[in-house]
Amino acid sequence: MVSVIFIAPPAAGKGTISKYLVGNFGYTQLSTGDLLRKAAKEDTTFGRNIKQLIDEGFFVSDEIVLKLIERELEKIKGKAFILDGIPRNILQAKHLEKIFEKINVDKYIVINLDILEDTLKKRATGRRLCNDCHLSYNIYFDGFKPKEENVCDTCHNPLLRREDDAEEVFISRYQTYLKNTLPLIHFYQEKGLLYVVDANCTNAEILENVEKIIKGEEND
Ligand code: AMP
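Report follows, based on the coordinates.

**Description of the overall build of the chain**
- Summing up its helical and strand segments, the chain has nine helices and seven strands in all.
- Evaluated residue by residue, the chain yields a buried proportion of 47% over its 220 residues.
- Within the chain, residue pairs in contact and separated by at least 24 positions form 69% of the contacts whose partners lie at least 6 positions apart.
- Summed over its atoms, the accessible surface of the chain is roughly 12000 Å², and 50% of this surface lies on carbon and sulfur atoms.
- Charge separation in the chain, taken as the distance between the mean sites of 31 positive and 35 negative side-chain charges, equals 3 Å.

**Details of the packing of aromatic side chains**
- On inspection of all chains with the given rule, the structure shows six aromatic pairs.
- Ring geometry for F170 and Y174: centres 5.9 Å apart, planes at 15°, overall stacked. Of this pair, F170 and Y174 both sit in helix α7 (residues 167–181), four residues apart, roughly one helical turn.
- With centroids separated by 5.0 Å and ring planes inclined at 85°, the aromatic side chains of F187 and Y188 adopt a geometry described as edge-to-face. Residue F187 shares its accessibility class with Y188, and that shared class is buried.

**Observations concerning the layout of surface pockets**
- Estimates place the volume of the second largest pocket at around 200 Å³.
- Together, L35, K38, A39, E42, F46, E63, I64, K67, L68, R71 and E72 line the second largest pocket.
- At the level of secondary structure, the elements contributing two or more residues to the lining of the second largest pocket comprise α2 (32–40) and α4 (62–75).
- Each residue belonging to the lining of the second largest pocket can be placed in one class, and the counts come to five nonpolar, no polar and six charged.

**Quick word on the site of the ligand**
- Around the ligand, the surrounding shell holds 17 residues, and the nearest of these are T32, F58, G85, Q92 and R173.
- Between an oxygen atom of the ligand and a side-chain N or O atom of K14, the distance comes to 3.1 Å.
- In isolation the ligand exposes 480 Å². Once the protein is present, 97% of that is buried.
- Considering each element in turn, the shell around the ligand owes the most residues, four residues, to α2.
- Here the shell around the ligand is built from residues that sort into seven nonpolar, four polar and six charged.

**Comments concerning the pattern of salt bridges**
- Taken as a whole, this structure holds 18 salt bridges when the rule is applied.
- Residue K121 is joined to E167 by a salt bridge in which the shortest nitrogen-to-oxygen separation is 3.4 Å. With K121 in helix α6 (residues 117–125) and E167 in helix α7, this pair connects stretches of sequence that are 46 residues apart.
- Take E167: its relative accessible area is 41%, and that puts it in the partly exposed class.
- Measuring nitrogen to oxygen at the nearest pair gives 3.0 Å for the salt bridge that ties D142 to K145.
- Classification of K145 by relative accessible area gives partly exposed; the value is 40%.
- Counted as one network, the salt bridges with shared partners bring together R127, R162, D164, D165 and R173.

**Quick notes on the sheet that holds strand β4 (residues 108–114)**
- Read from one edge to the other, the open sheet built from five strands follows the order β2-β3-β1-β4-β7, with strand pairing classed as parallel. With one partner strand each, in any of the chains shown, β2 (28–31) and β7 (194–198) form the two edges of the open sheet. If you compare each strand with its neighbour and ignore which way they point, the axes differ by 20° on average.
- Here strand β1 (residues 3–7) runs beside strand β3 (residues 81–84); their pairing, made up of three bridges, is parallel. If you follow F6 over to β3, its bridge partner there is D84.
- Packing against the sheet, helix α1 (residues 14–25) makes contact with β1, β2, β3 and β4, and its axis sits at approximately 170° to β3.
- Running at roughly 160° to β3, helix α5 (residues 90–102) makes contact with β1, β3 and β4 of the sheet.

So, how was this worked out
- Each residue is numbered by its place in its chain's sequence as written, counting from 1.
- Confidence filtering applies because this is a predicted model: local features only for residues at pLDDT of at least 70, side-chain atom pairs given and counted only at 80 or more, and all residues used for totals across whole chains, interfaces and linings.
- To get the side-chain values, take all heavy atoms of the structure and skip hydrogens and water.
- Comment: elements are numbered from the N terminus, with helices defined as DSSP H or I runs of at least four residues and strands as E runs of at least two.
- Whether a residue is buried, partly exposed or exposed follows from its accessible area with a 1.4 Å probe, protein chains only, as a fraction of its type maximum: under 20%, in between, or over 50%, in that order.
- Throughout, a contact is declared for two residues whenever any of their heavy atoms are within 4.5 Å.
- To measure how exposed things are, a 1.4 Å probe is used in the Shrake-Rupley method; for residues, cover is taken only from the protein chains shown.
- Residues scored as charged are limited to Lys and Arg (positive) and Asp and Glu (negative), so that His and the chain ends carry no count.
- Here the site of a charge means NZ on Lys, CZ on Arg, CG on Asp, or CD on Glu.
- Only centres within 6.5 Å qualify two rings of Phe, Tyr or Trp (six-membered ring in Trp) as a pair; their planes then separate them into stacked at under 30 degrees, edge-to-face at over 60, and tilted for everything else.
- Residues are called lining when one of their atoms sits within 4 Å of a cavity or pocket point, these points coming from a 1 Å grid over the protein atoms alone, where a cavity is a set in which a 1.4 Å probe fits but cannot get out and a pocket is an open set with protein on both sides within 12 Å along at least five of seven lines.
- Grid points are joined across faces, edges and corners, and a volume is the space filled by probe spheres set on the points.
- Gly is placed with the polar residues, together with every amino acid not listed as nonpolar (Ala, Val, Leu, Ile, Met, Phe, Trp, Tyr, Cys and Pro) or charged (Asp, Glu, Lys and Arg).
- Here, proximity means that at least one heavy atom of the residue falls within 4 Å of the molecule or strand.
- For this analysis, a polar contact is any N or O atom pair within 3.5 Å, provided that within protein one partner can donate a hydrogen and the other can accept it, and provided that sequence-adjacent residues contribute only side-chain to side-chain pairs.
- Any Lys or Arg side-chain nitrogen found within 4 Å of a carboxyl oxygen on Asp or Glu counts as a salt bridge.
- Should DSSP find at least two bridges between two strands, the strands are regarded as paired.
- As a rule, the C-alpha atoms of each element are fitted with a line to give its axis, helices using only the stretch in contact, and angles between N-to-C directions run from 0 to 180 degrees.

See below:
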């Protein structure tokens with residue numbers, strides 16, 4: 001199976017799509033956001049520094065993120081993976097190429113989820129999460145609202161909002177995406193690795209298009 005890198009602005013739904021691909025295709029998902037949020041829970045200076053950067057919408061240093069992902073990629077050597085959240089800039093992309101060479105990743109593709117800023121803002125600021133089962137809801141979109149306001153349908157726990165989903169933090173994360181991450185589209189296009197998927201439609205439609213790309217690559 002071909003490994004996949006997702007490039008998408010914050011709250012575009014790359015986490016949801018990745019989880020679907022893990023469940024249906026047996027991919028291993030490596031999310032730098034999840035890895036860093038886990039590290040941020042540590043009651044150490046390192047953990048606290050990471051928490052502050054994430055909560056304020058800033059990038060964690062390239063050095064830390066690259067070390068973290070290299071370690072995880074080595075653990076799953078030989079398996080098809082999904083990278084969700086990395087690379088976030090050209091330096092990370094170039095360094096990843098070196099890591100891929102080292103662990104013999106010969107084939108991968110890059111999928112860009114293309115989505116309007118207004119939709120993203122609602123996805124981010126309306127996102128609510130259950131801390132127990134990790135289900136994700138959205139208070140603005142029918143079909144994603146919890147049955148009871150602010151309560152998880154399955155665990156009945158109160159739902160939480162990620163601090164970095166606050167509107168002002170979203171705006172700063174989106175600006176960072178435009179400045180640092182968007183240039184990656186050109187970078188991967190030149191290498192012939194890029195697919196663009198319209199992510200302004202329903203999750204089912206997005207998943208269908210992503211699946212088509214992956215299956216098409218398998219048949220190549
Ligand atoms: P995400 O869940 O992918 O939106 O990531 C949440 C936060 O983790 C980001 O806003 C950054 O602060 C940090 N982060 C995740 N991936 C990276 C990365 N590749 N480089 C730098 N910071 C990252």
